[in-house]
Amino acid sequence: MNTLKTILIIVLLAMLSIAAFLAFKSDFFFKKIDPITLIPSNAVLVFETQEPVFVWNEIVTQPIWERLSSIPALKEMEQQLVNLDSITGKSGNLDKALKGQQFVLSMHPTGRDDFDFLFTIGFEANRLSDFLTQIEGGLANTSVIKSRNYSGITLYEYPIASGNAVFTYGVYENILLASHTSFLVEDAIRLVKSSELRNFKETYAVLFQSPETAQGIGLLRMGSSGLSKLVASATTVRTEDFTRQLNDLQMAANLRFAFEEGKVNFSGELLGISGTPLTILSTPLNKINLFNELISNRTAIFRHHRLDQSGNLHPRLREISQIRNTISAEIESQLISRGFFDNVSGQAGLMVFEGFDKKELEKVLLLPVGNVETALTMLEEFSVQLNQGDRELLAKDRHWGKAFFALGIEEFPMHLFDGKFEGFNETVVSSIGNYIVFANSIRTMKNFLDDYDNDSMWGKSVFQKKYLESAPQEAVFSQFIDVNKFFNLILPALSPDWQSIFQKYAQEIQAFDMIFLSITAENGKSMVKIEFDYHLEPIKKSADFLLTLSREVSFNQALAYGPKVLENFNDKSREYLVQDEDMTLHLINSEGDRVFSSVLSGAIIGQVFQVDYYKNDKLQVVFATSDGIYGYDRIGEPLPDFPIVLPGGRTIAQFNVLDYDKSRDYRFFVSDESGDLYIFDQRGQLLEGWNPRRTTGRLAATPAHHRISGMGDFMISLHENGNLELMNRKGESKTGSAIRLGESVPTVYGLTDRGGSSAQIVTINNAGELVKVNFNGELTYRNQLLRPDRETKFNIVPNENKDNFLIVIQEYNKINVLSQDEKPLFTWDILSDDLCFQWFSFGYQKDIFVVIDRVQEFVYLFNLKGELLNSKPLNG
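Residues numbered from 1 in each chain as written. Predicted model: local features only at pLDDT ≥ 70, side-chain atom pairs only at ≥ 80, totals over all residues. Heavy atoms only, no water.

Section: the sheet that holds strand S30 (residues 677–681)
Strand pairing in a sheet relies on backbone hydrogen bonds. The paired strands run either parallel or antiparallel.
Here comes step 1: Spatial strand order, S28-S29-S30: three strands in an open sheet with antiparallel pairing. Each edge of the sheet is formed by a strand with only one pairing partner; in this case those strands are strand S28 (652–658) and S30. Direction aside, neighbouring strands of the sheet carry axes that sit 20 degrees apart on average.
Here comes step 2: Note that S28 and strand S29 (residues 667–672) share six bridges and pair antiparallel. (Pairing = 2+ DSSP bridges. Helix = DSSP H or I, 4+ residues; strand = E, 2+ residues; numbered from the N terminus. Axes fitted to C-alpha atoms, helices over the stretch in contact; angles between N-to-C directions.)

As for the pattern of salt bridges
Here comes step 1: Evaluation of the coordinates by the stated rule reveals 28 salt bridges.
Here comes step 2: Close ionic contact of Glu186 with Arg148 constitutes a salt bridge, the shortest N to O distance being 2.8 Å. Here Glu186 is found in helix H7 (residues 182–193), whereas its partner Arg148 is found in strand S4 (residues 146–150), with 38 residues between them in sequence.
Here comes step 3: In this structure Arg148 comes out as partly exposed when scored by relative accessible area, which is 27%.
Here comes step 4: In this structure, Lys263 engages Glu531 in a salt bridge whose closest nitrogen and oxygen atoms are separated by 3.6 Å. (Salt bridge = Lys/Arg side-chain N within 4 Å of Asp/Glu carboxyl O. Buried < 20%, exposed > 50% of the residue type's maximum accessible area, 1.4 Å probe, protein only.)

Description of the side chain of Asp659
Here comes step 1: Summarising the element assignment, Asp659 is placed in the loop between S28 and S29.
Here comes step 2: Of the residues examined, Asp659 reaches a relative accessible area of 14% and is grouped as buried.
Here comes step 3: Reaching out from Asp659, the side chain makes a polar contact with the backbone nitrogen of Arg664 at a distance of 3.0 Å.
Here comes step 4: Ignoring any residue separated from it by four or fewer positions in sequence, one finds Asp659 in contact with Arg664, Asp665 and Tyr666. (Polar contact = N/O pair within 3.5 Å; in protein donor to acceptor, adjacent residues only side chain to side chain. Contact = heavy atoms within 4.5 Å.)

Let's talk about the confidence of the model for the chain
Here comes step 1: Here the chain shows a mean pLDDT of 83. Residues at 70 or above account for 86%.
Here comes step 2: Confidence over residues 19–30 falls short of pLDDT 50; this stretch has 11 contacts with residues more than four positions distant or in other chains. (pLDDT = per-residue confidence, 0-100.)

As for the nonpolar core
Here comes step 1: Residues Phe340, Leu367, Leu379, Phe412, Ile436 and Phe438 are the most contacted members of the largest nonpolar core, which totals 30 residues.
Here comes step 2: Taken together, the elements giving at least two residues each to this core come down to helix H14 (325–334), strand S12 (347–353), strand S13 (363–368), helix H15 (372–386), strand S15 (402–407), helix H16 (412–416) and strand S17 (435–439).
Here comes step 3: By size, the runner-up hydrophobic cluster in this structure holds 27 residues, among which are Val364, Tyr435, Phe448 and Met514. (Core = buried A, V, L, I, M, F, W, Y, C linked by side-chain atoms within 4.5 Å.)

Examining the side chain of Ser598
Here comes step 1: Along the chain, the position of Ser598 falls in strand S24 (residues 594–599).
Here comes step 2: For Ser598, a relative accessible area of 16% puts it in the buried group.
Here comes step 3: Once residues within four sequence positions are removed from consideration, Ser598 is found in contact with Met583, Thr584, Leu585 and Tyr632.

Quick look at the sheet that holds S24
Here comes step 1: Read from one edge of the open sheet, four strands run S21-S22-S23-S24, paired in antiparallel fashion. Among the strands making up the open sheet, the edge pair consists of strand S21 (559–567) and S24. Across the sheet, the mean angle separating the axes of adjacent strands is 15 degrees when strand polarity is ignored.
Here comes step 2: Note that strand S22 (residues 574–580) and strand S23 (residues 584–588) share four bridges and pair antiparallel. Within the sheet, the bridge partner assigned to Tyr576 lies in S23 and is Ile588.

Observations concerning the packing of aromatic side chains
Here comes step 1: Scanning all chains against the criterion turns up 40 aromatic pairs.
Here comes step 2: Taken together, the ring pairs in this structure connect Phe47, Phe257, Phe259, Phe266, Phe512, Phe532 and Tyr534 into an aromatic cluster.
Here comes step 3: Above the face of the Tyr660 ring, Arg729 is positioned so that its terminal group lies 3.9 Å from the ring centre. (Phe/Tyr/Trp six-rings, centres within 6.5 Å; stacked < 30°, edge-to-face > 60°. Lys NZ or Arg CZ within 6 Å of the ring centre and 35° of its normal.)

Encoded structure:
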């Protein structure tokens, strides 16, 4: 018994000795808390490392940092760390103090448009008090530090010399909490004191179940809902759908970053927050650069989808999309059940164009198919079924020889592809090669076909092509962001505070060329990689346009018309048609030589058109004078049956060329001096219903034809007396009588080419009222524009494609230029009674607004900010 007591006493003494040793040599009895548990769940992102000084040094030694550090927020952060290093005595003391400690930096919203950082550092035993002592010893004046109690924790506030800002810090157990925003520290304390509030670790538990650790350069932990908060705070209400979907995707990732020459990379595993693994397969498929030749140079964002894997990657996408079951059922019965997807290759490419449209982003979806004719036929039949079998409502049109038509169904791609590809309130369908092309408006389709015809594609650019070729071809999803174009895309959507920052530091931000994201399958895991490519060319301000004299041609007489730019069908070069004061017509080639000259009986009225009269891909010119319609081939020979004259010796006032189906069966749409309308075929025969079609008076604009998707063909005449007439192709009124817009109309009209009932005719009456009429003949909008006096003039100025327009208010001594949404663009002081306006658009923010002063014979060229593109007016 005594022996047993002796053994127990020895064991007890040994245990007490070990405990005493551990208490002395380590933090065995030191209460150690994970700093991650003090981070509120609203964190946008969390960065964790055990070597913060090393990480910071890695960042500031990168070439890109010199460019970015000119942004004040980043420069101030760098200066604060330099100051902290100085306080701790330099010589690497700061690195020694923090090395091996659990350093966590989290980003949190602090207001509608603001964010700030919370520092939570978990120290080993005794290291925290030593660190604080070291810092306080380095401060020149500790009396400025104020303290207060918050929920039992002492908080210290140190004023920052750069302003009224205060740096707040406090200690909870082994954790140092610090921030430039005091309530972030208070939130962390309130979190740890509460049993109800959730922290970041609990919210994103899947991130901490991963075997990834913060060893080395550290981990960046982030979730889709946090990113949603960031986007929502920086942007306006127009991005609500995107932020909602981003939040609902419920994904997260642990990312490591690395630096390469000209690149910053982030990579890691993509995880589902719900705990359900994202199972995607790595199977070979056609290459991403299959789309090379079809990605327009307007593209700000290009996304490549593996359609067979996207459902696994985004399992909740269908349920969070605003899918309507009735539309899905229609698509299922008319397309999917009939084998539409049997013809689809399994991948798709989505382009988002630069420029934030008034209603929606411009999007084009490319779908490779095995047999284009089969796919188009199915889509056409689907459109006809939507219109109760009425094929006349399948309004086909052509642009650059490519036929297209509209589907009368909202968000067709989203419903067809289970939630992907939102933003197609209208769907316009065409084809190129083995691709079906979907665009979300007629204007977008025309823009895309323009670029295709002009070879303005990524595949023709060394810069973009290299990214497509370097992308992992096995990726399930890839996204390319052209930063310069994306900058133009996002800027109008930013909140005012963020917008001013982006504008002020545009050159620094645009040092990045391309942002590339890919998701691939590796060993059963979904791996994500984000790559930021940058350049470091010197920052320089370049003019929007550089105008230089390329060629000069002299004439014996002053010019009365032109130059009208024409295309030489042989070599695609430019030629120029002019008419001098002697009524002589001249065609000048690109070298400045005269191809032919021909004397006319009068001055050219309105436009000169190029037509393929013989349907052999050779082009001729057609135009009108007051006494007839004339046609010439390229060498100056008259076309058969020309000139065409009006019956009864009437004179021509307006002239237009129509090609309803782009079949090269041309019609000539003419109005006479009294406003009566005539339509001739190309042999000079008057068509039934137009011999003539009587109207209510002289026209204010050229008579025209418009094909509106889902509504058919419309013949339009806008009259000086304020009447608007909508007719069918037989000349019959579509509305029963003329639509009254005002007492008179002094200008032409613009068209909001959105398709269907949303398409509208827009003009201004003599009272200065902006009026809009839809193609049902309904007056949908009327608003009085600024009218300083009765002499104020109003102008609608369409661009060269007639798919957008500006509003110009001309006062006695100035002009006011407005967008089609009536938003002021610029004002310019000019004194003249006779001004002419033109607008040429070459892409987003690449515009020339022309003011011609016929009195002084000056030509002014502006961008849409009102900046002159030429230092002095051109003579003209």
